[in-house]
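# Structure at a glance
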Amino acid sequence: MLNNERVIDCQTLLNSGSAMKEVIAMTVMLLTSLSVAIPVGAEPNATDLQQLRMTKVCPRCNLNGADLSGIDLQGAVLTNANLIGANLSGTNLSTADLKGADMTGANFQLANLSAANLNAANLSTANLLGSILLDANLNAADLSKANLYGADLRRANFQGANLYEVNLFGADVEGARGLRP
């Protein structure tokens, strides 16, 4: 049973002007802190995007948040590129060179990354659900908190990779190197 005095005191506090000001101030602070977390310049560079589509060669490109879903980028050169938050679902990136690329939070759902070079790439929090990474080089890659649910990781190289909280449920890891039991 609740104490009636506490209920009345809480209602009085909620009805008072100072309590409402505190709630409003805290809400504004929370919303302000969330807006600061949104990256500035979260748009892909139009010139870089055009160069990639035309030549498949775009090292150090800014493709932040780009929609590259379903595109054939087989053999593309995207070394040290910014692909943070990019949508690459269903994209063919087999034999692509993504060495040192930042793909934090990118969506690679059902993408083909077989034999891709992802050496020292940042794939933290990336979604690789059902993707194909057959024979991929993930040496020293950051896969922390990445989703590899149901991915084909056969014969992939994970030597020195950061696998903190990675989701490997249902993944085929036959012959993969560097995965710790």
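Look above for the structure.
What comes next concerns the included structure. (Residues numbered from 1 in each chain as written. Predicted model: local features only at pLDDT ≥ 70, side-chain atom pairs only at ≥ 80, totals over all residues. Heavy atoms only, no water.)

The next thing to look at is the pattern of salt bridges. Applying the stated criterion to the full structure yields 3 salt bridges. The shortest N-O distance in the salt bridge between D135 and R155 comes to 2.9 Å. Remark: R155 occurs in the segment after α3 (46–55) and D135 occurs in the segment after α3; sequence separation between them is 20 residues. For R155, a relative accessible area of 40% gives the class partly exposed. For R154, the salt bridge is made with D152, and the minimal N-O distance between the two is 2.7 Å. The network of salt bridges with common partners includes D152, R154 and D172. (Salt bridge = Lys/Arg side-chain N within 4 Å of Asp/Glu carboxyl O. Helix = DSSP H or I, 4+ residues; strand = E, 2+ residues; numbered from the N terminus. Buried < 20%, exposed > 50% of the residue type's maximum accessible area, 1.4 Å probe, protein only.)

With that out of the way, let us pick up α3. Residues three or four positions apart in an α-helix share a direction because the helix packs 3.6 residues into each turn. Turning to α3, its buried residues number three or more, namely D48, L49 and L52. For α3, the arc enclosing every buried residue in end-on projection is 100°, short of the 170-degree limit, so these residues lie on one face. For α3, the exposed residues set more than 90 degrees away from the buried face come down to A46, T47 and M54. The N-cap residue of α3 is N45: its side-chain oxygen and the backbone nitrogen of T47 are 2.9 Å apart. Trailing α3 by a residue or two, K56 shows a phi angle of about 60°, which is positive. (Arc of directions from axis to C-beta. Polar contact = N/O pair within 3.5 Å; in protein donor to acceptor, adjacent residues only side chain to side chain.)

Tallying each qualifying case throughout the model produces 1 disulfide. The disulfide that involves C58 links it to C61, with 1.4 Å between the sulfurs. Here the disulfide of C58 and C61 is left-handed, its torsion about the S-S bond being about -75°. Assigned by exposure class, C58 and C61 land together as buried. (Disulfide = S-S within 2.5 Å.)

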